Amino acid sequence: MNDHHLREQLVNALAKRQAHQRFDQVVGDFPEEHFNTRAANVPYSFWHLLEHIRICQWDILDYIENPNYQYLSFPDDYWPDPGSEADAASWNETIAAFRADLQSLINIVNDPTRDLCAQIPHGQRGHTILREILVVAAHNSYHIGEFGILRGTLDLW
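Residues numbered from 1 in each chain as written. Predicted model: local features only at pLDDT ≥ 70, side-chain atom pairs only at ≥ 80, totals over all residues. Heavy atoms only, no water.

(A) Representation of a negative patch on the surface within the structure. A surface patch of like charges, here negative, comprises E32, E33, D87 and E93. Counting through the fold element by element, E93 comes out in helix α4 (residues 88-110). (Patch = residues over 30% accessible without salt bridge, like charges linked within 9 Å, V, L, I, M, F, W, Y side chains within 5 Å. Areas by Shrake-Rupley, 256 points an atom, 1.4 Å probe, with all protein chains shown as cover. Salt bridge = Lys/Arg side-chain N within 4 Å of Asp/Glu carboxyl O. Lys, Arg positive; Asp, Glu negative; His and termini not counted. Charge placed at Lys NZ, Arg CZ, Asp CG, Glu CD. Helix = DSSP H or I, 4+ residues; strand = E, 2+ residues; numbered from the N terminus.)

In structure tokens, the structure reads:
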């Protein structure tokens, strides 16, 4: 296996525009007055969706790195309270935390001393860094695309 090539492709899946929109593209110049807007028949706001993406990404980073990892309760712990709202500070905190955790995952992938295919010592059977990075990449791209589509349906581009 070409280890360098695999690591490069994983970083691309996390952070580069390939067959999906990039995070910075969909949140860029997002109108503040719509942070808490909910599209018709959608039970969460734009900020709730960003928080969900951030929480899930953070959870997998914690799972990879923390030998004392505690499982979150699905779905409640993976979404903010439905009644919560964001102001500019909390919106920006969500985005900054997402970017910081994403960079931490990229650093793990790029660390040649990390065996991407080894069992995570405290993880479930078959859970490797490679598996977790693929889960993050798929989950992020799904919801980032959803964010972009919702933004388009409300003419917020």
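(B) Fine view of the packing of helix α3 (residues 46-65) against α4. Direction vectors running N to C along α3 and α4 enclose 30°, while the axes themselves pass 9 Å from each other. Judged on the interaxial angle alone, α4 and α3 are roughly parallel. Read as a crossing pair, α3 and α4 show a hand that is left-handed. Taken together, the residues of α4 that come into contact with α3 (itself represented by F46, W47, L50, E51, I53, R54, Q57, W58, L61, I64 and E65) are S90, W91, T94, I95, A97, F98, D101, L102, S104, L105 and I108. (Axes fitted to C-alpha atoms, helices over the stretch in contact; angles between N-to-C directions. Parallel < 35°, antiparallel > 145°, perpendicular 65-115°, else oblique. Left-handed = near helix turned anticlockwise from the far one by under 90°. Contact = heavy atoms within 4.5 Å.)

(C) Focus on unusual backbone geometry. A cis geometry characterises the amide bond from F74 onward to P75, with omega recorded as 5°. Although it is not a glycine, D29 adopts a positive phi angle of roughly 55°. Inspection of the secondary structure assignment puts D29 in the loop between α2 (23-27) and α3. One non-glycine residue, N41, adopts positive backbone phi at about 65°. Tracing the backbone through its elements, the reader meets N41 in the loop between α2 and α3. Note on N41: relative accessible area 82%, which makes it exposed. (Buried < 20%, exposed > 50% of the residue type's maximum accessible area, 1.4 Å probe, protein only.)

(D) Representation of the environment of N68 in the model. With respect to the helices, strands and loops of the structure, N68 is situated in the loop between α3 and α4. With 54 residues separating them in the primary sequence, N68 and H122 have C-alpha atoms 7.9 Å apart.

(E) Highlighting the pattern of salt bridges. In this structure the tally under the stated criterion is five salt bridges. With a closest N to O distance of 2.6 Å, R114 and E65 form a salt bridge. Placement of R114 in the loop between α4 and α5 (129-153) and of E65 in helix α3 is noted, with a sequence separation of 49 residues between them. Note on R114: relative accessible area 23%, which makes it partly exposed. Since its relative accessible area comes to 40%, E65 is described here as partly exposed. Put simply, R131 and E132 hold a salt bridge, and the shortest N to O gap is 2.5 Å.

(F) Geometry of α5. For α5, spanning 25 residues, the distance from its first C-alpha to its last is 36 Å, which sits close to the expected 36 Å at 1.5 Å a residue. Two residues or fewer after α5 comes D155, characterised by a positive phi angle close to 55°. (Expected span 1.5 Å × (residues − 1).)

(G) Structural detail: the side chain of E51. Examined against the element boundaries, E51 turns out to sit in helix α3. Given a relative accessible area of 10%, E51 falls into the buried group. A polar atom in the side chain of E51 sits 2.6 Å from the side chain of R54. Filtering out sequence-adjacent residues up to four positions away, E51 remains in contact with P80 and T94. (Polar contact = N/O pair within 3.5 Å; in protein donor to acceptor, adjacent residues only side chain to side chain.)

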